[in-house]
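Now for the letters of each chain:
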Amino acid sequence: MTIPSLIIKFTNKNERFKYHSKNKSLDIRYKGFFDQPGIFKKNDNILFIFGNPIVKNEINMSKTANLIFNQIDPYVTLNGQFLIINFNKKSETLKIINDRFSSLSIYYTKISSNFFASFSYLELLSCLEIEKKKIKLNGNVLFEFLLFQRVLHDKTYDNFTRFLSPANVLKFENNQITQTQYWSQNFNEKSRNLYHVGEELHYLLKRNISILKTKFKKIALFLSGGHDSRTILSFLDNDQFETQTVSFSENYELNSARKLSRLMNIKNNFIKINENHFHDNIDEMIEITSGYYSIINCLFNGLPKNGIEKFDALIHGHGLDYMFHGMYLPNENINFLGRPTFFKKNKIIPKENIAEYFINNVKFRLTEINLFSFLNEKEKKRKKDFLIDSINSVLISNKNLERSIDKWNYLITHCLSRHYSYPNNLGLMTYSNQFILTFENDIFDLFLSTPNKLKVYGKILDYVTKKNCYKLSMVPTANFGIPPGLSPFSKTAWLIGRKLLRSVTGINSLKTPHAIDRTWPDQSEYIHNNKKMRILVEKSLKSEKLRDNLNYFDWKKIDKEYLVFKQKKNHKMGKFLFALLTIERFLEKI
């Protein structure tokens, strides 16, 4: 496994560097990218292109370079996932341009007249250490990570470096950093029905898969038993494709994936990971995420290589859930006779104080414990004020937001590569080229213009899947053990009928799948049942570095809470413990 690395140094004249102008020198060092970057020269410009840029429905670096060299405003029309570095010798300027998703992350800073940037925050900190620049971590940002399982906007864990936001042209000229956003999200809903949206998404996914088929010879789809990846599966039609399913055991999820693959006559490969997967691969997980994502979301790091190496592209269903399945829309399930149904009702987002509403209602926040209960009253106010300022900084970065629901959606999608689930994409980058089918301009534009009411219940994905293969939508998911293609009424009836049948027959298998039946473990159960992981967690809780950087917490309360958790009286603390462990291991790296 090779972790991708990119380090950029743009400094005063340095003969050790490869690229020079009269007063400046550029050093670019990279490794671990399965497609080597394209390097192009024209007149006074040197261009480095990373990723999979798309020009006129073709992944082509040469056409990308020609577009940049010859068009006045090329980046608006450039599609796909890319990172571009442009050194102009004449003007002695350095530009870094990223895509609309920040799919290739860049952390950056300047020291006096020198500029530094890296794909990895840890590597950037190492550069600064060499430059004898001391960095102080910001405990408020660490708290934000613990609460949201991610960091918002362009913040980093310190106040000296930044993260490059999407669709930006960063320029370092005359020892100053400037940024120009060449595109911004606009939630301009169009009047369209399910048929129109479903047909357009179907066309775009089919086109994007066709683009990949032209570029790559052998492609693997990482297939779960859920809704998103089966939508992608429905487009796969020949021996160019196989599916890969990752799991700890031969469980419900794997059986679902096998059924789905058989329906499409596609070979399925089972990648079994051992019970100590997170323990054994934690160092690489921290290195590739730089501590900005919980290691629980790094499942695809450290997989057995047998079989994966034969594929020159890896794909998956990332993004379909929050774009077209309404995963983070502000709604809740309706209860009937005290039990949840599959019907949903919308929550009303206030026009004022949306930041506070977001803190208390976003679905990916830490909910199993109250993080604020470990703070004194003074710190509670400080942390809440910081979070509100952080959220508002996201909102003021986009002037196209008018409705409350648009603001809400933008808080979810403003920087997709910082979403808590993104590290699995980073993990796949260590084996081969990985391509995110939804990180494409036309699909993203479709998401932005689709009425929110169509995103609820997964109706759009159902439409697309059924258009290709109706039977796929009738294979039960590993989440509920119910076919995703059913209506909310039919799913609720299935749930009730299954429970009644279990009561009458006593057949225990007639139940909703549990965490053990799925690929991703329940975090609390995993810590309880895995001795090696439990030792790591307990060691992290005693770490002086962790306690010093999170000194606003009442650690006696946390220790007491953990003792209760350890005795299984409080069974839900795992998400918090995994996040704390992530921070502790990150601190050990710096």
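Above this text you will find the structure in question.
About the cut-offs
- Residues numbered from 1 in each chain as written.
- Predicted model: local features only at pLDDT ≥ 70, side-chain atom pairs only at ≥ 80, totals over all residues.
- Heavy atoms only, no water.
- Helix = DSSP H or I, 4+ residues; strand = E, 2+ residues; numbered from the N terminus.
- Rg over C-alpha atoms; globule rule 2.2 N^0.38 Å.
- Buried < 20%, exposed > 50% of the residue type's maximum accessible area, 1.4 Å probe, protein only.
- Contact = heavy atoms within 4.5 Å.
- Areas by Shrake-Rupley, 256 points an atom, 1.4 Å probe, with all protein chains shown as cover.
- Lys, Arg positive; Asp, Glu negative; His and termini not counted.
- Charge placed at Lys NZ, Arg CZ, Asp CG, Glu CD.
- Pairing = 2+ DSSP bridges.
- Axes fitted to C-alpha atoms, helices over the stretch in contact; angles between N-to-C directions.
- Patch = residues over 30% accessible without salt bridge, like charges linked within 9 Å, V, L, I, M, F, W, Y side chains within 5 Å.
- Salt bridge = Lys/Arg side-chain N within 4 Å of Asp/Glu carboxyl O.
- Polar contact = N/O pair within 3.5 Å; in protein donor to acceptor, adjacent residues only side chain to side chain.
- Parallel < 35°, antiparallel > 145°, perpendicular 65-115°, else oblique.
- Left-handed = near helix turned anticlockwise from the far one by under 90°.
- Nonpolar A, V, L, I, M, F, W, Y, C, P; charged D, E, K, R; others polar.

Novice: Before we move on, could you go through the overall build of the protein chain and cite the residues and values that matter?
Specialist: Each helix and strand in the protein chain was counted, giving 22 helices and 18 strands. Relative to the 2.2 N^0.38 estimate, which gives 25 Å for 590 residues, the radius of gyration of the protein chain is 24 Å and therefore close to what a compact globule would have. Summarising its shape, the C-alpha atoms of the protein chain cover approximately 85 × 60 × 50 Å along the three principal directions. Within the span of the protein chain, comprising 590 residues, buried residues form 60% of the whole. Considering only contacts in the protein chain between residues 6 or more positions apart, those separated by 24 or more positions represent 70%. Surface summary for the protein chain: the accessible area is close to 25,300 Å², and the carbon and sulfur share equals 49%. Across the protein chain, the 87 positively charged side chains and the 57 negatively charged ones have centroids separated by 2 Å.

Novice: An account of the sheet that holds strand β16 (residues 313-315) is requested, with residue identities and associated values reported.
Specialist: With respect to topology, four strands assemble into an open sheet ordered β15-β14-β13-β16, the strand pairing being parallel. In this open sheet, the two strands that pair with only one neighbour each are β15 (268-272) and β16. Averaged over all adjacent pairs, the angle separating strand axes in this sheet is 30°, with direction ignored. Bridge count between strand β13 (residues 219-222) and strand β14 (residues 241-247): four bridges; the pairing is parallel. Each bridged residue has a counterpart across the sheet, and for alanine 220 the counterpart in β14 is glutamate 242.

Novice: Can you lay out a nonpolar patch on the surface for me, pointing to particular residues and giving the numbers?
Specialist: A surface patch of nonpolar side chains, about 290 Å² in accessible area, is lined by Ile334, Phe343 and Phe489. Mapped onto the elements, phenylalanine 489 comes out in helix α17 (residues 488-505).

Novice: Would you mind going over helix α14 (residues 441-449) in detail, with residue names and values included?
Specialist: Of all nine residues in α14, seven are buried; the element is thus mostly enclosed. Here α14 has its buried residues at Asn441, Ile443, Phe444, Leu446, Phe447, Leu448 and Ser449. Summarising the contacts, the buried residues of α14 are in contact with β6 (79-88), α4 (194-215), α9 (320-324), α12 (404-413) and α15 (452-455). One side-chain oxygen of the residue at the start of α14 lies 3.2 Å from the amide nitrogen of aspartate 442, identifying that residue as glutamate 440.

Novice: Before we move on, could you go through the pattern of salt bridges and cite the residues and values that matter?
Specialist: A complete count under the given rule lists 29 salt bridges for this structure. Put simply, glutamate 199 and lysine 467 hold a salt bridge, and the shortest N to O gap is 3.2 Å. Taken together, the residues glutamate 199 in helix α4 and lysine 467 in helix α16 (residues 459-468) connect sequence positions 268 residues apart. Given the relative accessible area of 23%, glutamate 199 is considered partly exposed. A residue is classified by how much of its surface remains accessible, and lysine 467, at 43% relative accessible area, is partly exposed. Connected through shared salt-bridge partners, Asp283, Glu287, Arg585 and Lys589 make up one network.

Novice: Account for unusual backbone geometry, naming residues and giving values.
Specialist: Its identity is not glycine, yet glutamate 92 carries a phi of approximately 55°, on the positive side. Unlike most non-glycine residues, serine 290 shows phi in positive territory, near 55°. Relative to the elements of secondary structure, serine 290 occurs in the loop between α8 (282-289) and β16.

Novice: Go over the packing of helix α21 (residues 555-566) against helix α22 (residues 574-589), please, and point to the residues and values.
Specialist: Relative orientation of the contacting elements α21 and α22 amounts to 125°, with a least axis distance of 12 Å. Accordingly, the angle class assigned to the pair α21 and α22 is oblique. In the crossing of α21 with α22, the sense of the turn from one axis to the other is left-handed. On α22, the residues touching Trp555, Ile558, Tyr562 and Phe565 of α21 are Gly574, Phe576, Leu577 and Leu580. Class assignment for the residues of the contact of α21 with α22 results in seven nonpolar, one polar and no charged.

Novice: Go over the sheet that holds strand β9 (residues 114-118), please, and point to the residues and values.
Specialist: Pairing in this open sheet of six strands is antiparallel, and the strands run β2-β3-β1-β9-β8-β10 from one edge to the other. Pairing within the sheet leaves two strands with one partner each, and these edge strands are β2 (19-20) and β10 (162-163).

Novice: So, the pairing of strand β1 (residues 5-12): which residues are in play, and what are the values?
Specialist: Among the eight residues that make up β1, seven are buried, leaving the element largely enclosed by the rest of the structure. Sheet topology places β1 next to strand β3 (residues 24-31); eight bridges connect them, and they run antiparallel. Paired with phenylalanine 10 across the strands is leucine 26, a residue of β3. In terms of strand pairing, β1 meets β9 through four bridges, oriented antiparallel. Residue pairing across strands places isoleucine 7 opposite serine 118, the latter belonging to β9.

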